[in-house]
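Fold and contact review
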Amino acid sequence: MIAGEASGDLHASRLMTELKKHDADAEFRFYGGDEMLAAGGTRVKHYREMAYMGFVPVILHLPTILKNMRHAKQDIQACLPDVVILVDYPGFNLKIAKYIKKNAIAPIYYYIAPKIWAWKEYRIKNIKRDVDELFSILPFEIDFFEKKHHCPIHYVGNPTADEVREFLKSEKSREDSSRKTIAILCGSRRQEIKANLPAMLQVTDKYSNDYQIVIAGAPSIDADYYKPFMEGHKVSIVFNKTYDLLSKAHAALVTSGTATLETALFGVPQVVCYETRPHWFFKWLRKKLLKVKYVSLVNLIANSEVVKELVVDTFSAENIEKELSVLLPDDSPERRQMLEDYSDVWQRLGDKRAPEEAARIICRLLNNK
């Protein structure tokens, strides 16, 4: 198994746990992190030695990336696994898939299909050529892969929906707070925080006497990084308690990503805010490369504008304030409509447990072979 970042490590570890339920003698050899190591097996490399995101970091670390790729190919060739399971991380994993297929080493299963519907759609040729079984966690991917590109895919459910569902059943979800809260989820990378948090705090200052303003700190970012942004604002920060925060939140300002889906599944009205620099680059990227109408998972799943997206051109403190103000009153039509639309998102995601369903299909396919 190959997972190249923290989220992939988590998803892969849960898949490993479910695979063991179907096959107690299953043995794992993997490139991944601490979550996968806890699930059991032999770790070849930690994903921290492999994970470089963005154009400049990739160029700067290209020799290391190529060395890791050679190492992975040699290791797979040496151990001859019954199956290679790739988890997201397409820039690296699709090259590994090409090598495995060319040398007929093992079947290739891809868990969490590459998001080529957003950009780099040309990669469909590689996927159809090199990947034996494709597993999706987003329901709208079925139409993209099967109807548009005639590439079979298994929709196995959504892990985020699984996690939220489990939390909502727990005791923690029933804890209450005496004051209403506005949650701020401003991204998981330093550049995202720097670009989005100042405007979010400027807007929420107006409501700080009536609401608790709480930032969900990213686990990978030190608390000290947030301090300069928080100075002069009535705001607190929590780490590793995002679900606790969302379970109490009355509304949220959210930078695009999985956080938008988590916020929706907790039934919290939100404004999606995404600022990035330079503007001209994002405009060019959206015009030339991006193939989707929306940037938030909520809207992509619903295939409609359930939540307002303030992205680059429309991102401003004034616009954030305008959209947030109509979501705060309990009886506002905008708030009621958003909550109704969230129900549709839940319905589209379905009630399958992603790792459980994927493990069942994987074991059936391997047994048939």
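Structure: above.
These notes cover the structure that comes with them. None of the values given here were measured: they were computed from a predicted structure.

This part covers the sheet that holds strand β11 (residues 249–254). Strand order in the open sheet formed by 6 strands is β10-β9-β8-β11-β12-β13, and the pairing between neighbours is parallel. Two strands bound the open sheet, and with one partner strand each, they are β10 (236–239) and β13 (308–311). For this sheet the average axis-to-axis angle between neighbouring strands, irrespective of direction, equals 25°. Summarising the sheet, strand β9 (residues 212–217) and β10 pair through 4 bridges and their orientation is parallel. From the neighbouring strand, Ala216 faces β10, where its bridge partner is Val238.

Here we come to the nonpolar core. Ranked by internal contacts, the top residues of the largest apolar core, which has 120 residues, are Met1, Ile85, Tyr111 and Phe145. Filtering out sequence-adjacent residues up to four positions away, Phe145 remains in contact with Ala113, Pro114, Ile116, Ile124, Ile127, Leu134, His150, Cys151 and Ile153.

Looking now at the packing of aromatic side chains. Applying the stated rule across the entire model yields 11 aromatic pairs. Every member of this aromatic cluster is reached through a ring pair, and the members are Tyr225, Tyr226, Phe229 and Phe239.

This part covers the side chain of Arg335. Its place among the elements puts Arg335 in helix α16 (residues 333–349). Buried and unpaired, Arg335 has no salt bridge, with Asp330 as the nearest side chain of opposite charge at 4.2 Å. There is a polar contact of 2.9 Å between the side chain of Arg335 and the backbone oxygen of His250. With residues up to four places along the chain from it excluded, the contact list for Arg335 reads His250, Pro269, Val326, Leu327, Leu328, Pro329 and Asp330.

A pair can form between side chains of opposite charge whenever their charged atoms are brought close. Enumeration according to the criterion identifies 18 salt bridges in this entry. A salt bridge links Asp88 to Lys115, with the nearest nitrogen and oxygen atoms 3.9 Å apart. Of this pair, Asp88 sits in the loop between β4 (84–87) and α5 (90–102) while Lys115 is found in the loop between β5 (108–111) and α6 (124–130), placing the two residues 27 residues apart along the sequence. Lys115 sits in the partly exposed class, given a relative accessible area of 33%.

It is worth spelling out the pairing of β5 at this point. Of the two faces of β5, the one carrying Ile108 and Tyr110 and the one carrying Tyr109 and Tyr111 are both buried. Relative to β5, β4 runs parallel, the two sharing 4 bridges. Each residue of the ladder has a partner; that of Ile85, found in β5, is Tyr109. Crossover connection from β4 via α5 to parallel β5: handedness right-handed. Here β5 pairs with strand β6 (residues 133–136) via 3 bridges, running parallel. Looking across to β6, one finds that Tyr111 is bridged to Phe135. Taken together, β5, α6 and β6 form a β-α-β motif whose crossover is right-handed.

It is worth spelling out unusual backbone geometry at this point. Phi at Ala104 is positive, roughly 50°, even though this residue is not glycine. Looking at the secondary structure, you find Ala104 in the loop between α5 and β5. Taking relative accessible area as the criterion, Ala104 reaches 67% and is therefore assigned exposed. Phi is positive for Ile112, close to 75°, though the residue is something other than glycine. By secondary structure assignment, the location of Ile112 is in the loop between β5 and α6. Judged by its relative accessible area of 3%, Ile112 falls in the buried class.

Following the sequence through the fold, Glu163 ends up in helix α8 (residues 159–169). A polar atom in the side chain of Glu163 sits 3.4 Å from the side chain of Tyr243. Not counting chain neighbours up to four residues away, the residues in contact with Glu163 comprise Leu10, His11, Arg14 and Tyr243.

So, about α16. With 17 residues, α16 ought to run about 24 Å at 1.5 Å a step, and its terminal C-alpha atoms sit 25 Å apart, in line with that. Among all positions in α16, only Arg335, Met338, Tyr342, Val345 and Leu349 are buried. Across the axial projection of α16, the buried residues extend over an arc of 65°, all falling on one side. Turned more than 90 degrees from where α16 packs its buried face, Pro333, Glu340 and Gln347 sit exposed. Within two residues after α16, Gly350 carries a phi angle of roughly 75°, on the positive side.

What counts and how
Residues numbered from 1 in each chain as written. Predicted model: local features only at pLDDT ≥ 70, side-chain atom pairs only at ≥ 80, totals over all residues. Heavy atoms only, no water. Pairing = 2+ DSSP bridges. Helix = DSSP H or I, 4+ residues; strand = E, 2+ residues; numbered from the N terminus. Axes fitted to C-alpha atoms, helices over the stretch in contact; angles between N-to-C directions. Core = buried A, V, L, I, M, F, W, Y, C linked by side-chain atoms within 4.5 Å. Buried < 20%, exposed > 50% of the residue type's maximum accessible area, 1.4 Å probe, protein only. Contact = heavy atoms within 4.5 Å. Phe/Tyr/Trp six-rings, centres within 6.5 Å; stacked < 30°, edge-to-face > 60°. Lys, Arg positive; Asp, Glu negative; His and termini not counted. Salt bridge = Lys/Arg side-chain N within 4 Å of Asp/Glu carboxyl O. Polar contact = N/O pair within 3.5 Å; in protein donor to acceptor, adjacent residues only side chain to side chain. Right-handed = clockwise from strand over helix to strand, strands pointing away. Expected span 1.5 Å × (residues − 1). Arc of directions from axis to C-beta.

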